[in-house]
Amino acid sequence: MSVLDLARPEIRSMQPYSSARTEAGGGQIMLNANESPWAPNGDEGLGCNRYPDPQPEALLQTLAALYGVRRNQLCVGRGSDEMIDLLIRAFCRAGEDAIVIQPPTFGMYSVCARIQNAAVIEVPLAEDFSLDVDALLAAVTPAVKLVFLCTPNNPSGRSIPRAEIERVAQALAGRALLVVDEAYVEFSDQRSVVDLIDRYEHLAVLRTLSKAWALAGARIGSLLANAEVIELIRRIMPPYPLPLPCVAAALVELSPTGQASANEKIGIVRAQRLLMSKALAQVPGVREVLPSAANFLAVRFDDAASVYRQLQQAGIVVRDIRRYPNLHDALRITLGTPAENARVLSVLKSPAVDGRGVADGSA
Ligand SMILES: *Cc1c(COP(=O)(O)O)cnc(C)c1O
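Residues numbered from 1 in each chain as written. Predicted model: local features only at pLDDT ≥ 70, side-chain atom pairs only at ≥ 80, totals over all residues. Heavy atoms only, no water.

The protein chain is annotated in an unreviewed UniProt entry as Histidinol-phosphate aminotransferase of Dyella mobilis. In the Sequence similarities (unreviewed entry) part of its UniProt record, the protein chain is described as follows: "Belongs to the class-II pyridoxal-phosphate-dependent aminotransferase family. Histidinol-phosphate aminotransferase subfamily." Reading the Cofactor (unreviewed entry) entry of the UniProt record for the protein chain gives the comment "pyridoxal 5'-phosphate". (UniProt positions renumbered as here; feature names shortened; annotations may be inferred.)

Okay, here's the thing in structure tokens:
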């Protein structure tokens, strides 16, 4: 059995859109795509009057080297969000198939599933946010086409040990595609599971330039998987997903100097994570700082709502995650610059926090 047997048959058999850019390139006078022959104002040599390469070769090669995969095991799109959407659309038949997620987790898996009218089977994480592998596997019915694992998890920050991911991968062979979302793996002590792609044809890994690579605004995410899965997803991708200025920005960030500076920033975030975890744990009103392998901390408070307002009044915006199961008293605080983090601490330590004496006309 091939992993493609899990995909929607009509996607496997469809004729993909054939764009001008893929049909012919390389001429000196390009009159096949109804583009303007003149560069726009302020173009600075980018050539934005032309449609971009659907999968820019330089970016693909750089990312393949960065992630340690072969060129045909990778495709790039508008953030990992787009990859989540495309995977669900390619594998789940509307009204029939399902995905499995483990709340509390990233919201886009279920949003994309609902858009496709795929069922969402929830297998909650344990109290300590660890994965219950047996419960997860027990939930995999024949309707399940995709199982998402988010590691390190958003919003808890906890990683899934590699051995557990492998156990899930082994059990899902021939049954479902396993999608491991590693949006924060650069901040973790644990290495990526991308090397397992060669062993499990039904394993896909999501990576992004939005977090550790400081390019959230450029919207670039990668799907790493078996070449057949990549080929399938390429069929349903919009013809020109990556804007030229975004690709240019990514290539600068992924240059040797760019990489050195990104790695330095990752080091700062990791050091700040340790420092902030310890310091926050000492702040009155803090119940618990959850261990995190990512660039944020989930923090439990005696009164999370008033802490949220207190920070907001000081001009600091954090994420209210009280709607998530098992996090009804928690806020998610992204690690900022050392100065920004120090400011968070000083606001939290100011008297308002335990005295609920915040001048809150906002309630
Ligand atoms: C931020 C985030 C993403 C989205 O990444 P984009 O590449 O910006 O779309 C994906 N997964 C998780 C778990 C995230 O937290």
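This is not the end of the story, as more comes after the structure.
> I would appreciate a short explanation of the site of the ligand in the present structure.
The ligand sits among 13 residues. The nearest are Ser80, Asp181, Thr208, Ser210 and Lys211. Taking Asp181, its side chain carries an N or O atom lying 2.6 Å from a nitrogen atom of the ligand. At 2.6 Å, a side-chain N or O of Tyr184 approaches an oxygen atom of the ligand. When isolated, the ligand has an accessible area of 390 Å², and the protein chains bury 94% of it. If one sorts the elements of the shell around the ligand by residue count, helix H4 (residues 79-91) sits on top with three residues. For the shell around the ligand, the per-class residue count stands at four nonpolar, five polar and four charged. (Near = heavy atom within 4 Å. Polar contact = N/O pair within 3.5 Å; in protein donor to acceptor, adjacent residues only side chain to side chain. Areas by Shrake-Rupley, 256 points an atom, 1.4 Å probe, with all protein chains shown as cover. Helix = DSSP H or I, 4+ residues; strand = E, 2+ residues; numbered from the N terminus. Nonpolar A, V, L, I, M, F, W, Y, C, P; charged D, E, K, R; others polar.)

> Would you take a moment to explain the pattern of salt bridges for this structure?
Oppositely charged side chains may form a pair once their charged atoms are brought near each other. All chains considered together, the criterion is met by 25 salt bridges. Across the pair Arg219 and Asp81 runs a salt bridge whose closest N-O atoms are separated by 3.5 Å. Here the residue Arg219 occupies a position in the loop between strand S6 (203-208) and strand S7 (221-225), and Asp81 occupies one in helix H4, the gap between them amounting to 138 residues. Assessed through its relative accessible area of 31%, Arg219 is described here as partly exposed. (Salt bridge = Lys/Arg side-chain N within 4 Å of Asp/Glu carboxyl O. Buried < 20%, exposed > 50% of the residue type's maximum accessible area, 1.4 Å probe, protein only.)

> Mind showing me how you'd approach the side chain of Gln272 here?
Within the fold, Gln272 resides in helix H10 (residues 256-281). A relative accessible area of 9% places Gln272 in the buried class. Separated by 2.7 Å, the side chains of Gln272 and Asn341 make a polar contact. Those residues in contact with Gln272 that sit more than four places away from it in its chain are Leu335, Pro338 and Asn341. (Contact = heavy atoms within 4.5 Å.)

> What is the right way to read the UniProt feature "modified residue: N6-(pyridoxal phosphate)lysine" (unreviewed entry) in the protein chain from this model?
Taken from the UniProt record, the annotation "modified residue: N6-(pyridoxal phosphate)lysine" (unreviewed entry) applies to Lys211. Tracing the chain through its elements places Lys211 in the loop between S6 and S7. Taking the relative accessible area as the measure of exposure, Lys211 reaches 31% and is therefore partly exposed. Ignoring any residue separated from it by four or fewer positions in sequence, one finds Lys211 in contact with Ala183, Tyr184 and Phe187. In this structure the side chain of Lys211 is engaged in a polar contact, spanning 3.2 Å, whose partner is the side chain of Tyr184.

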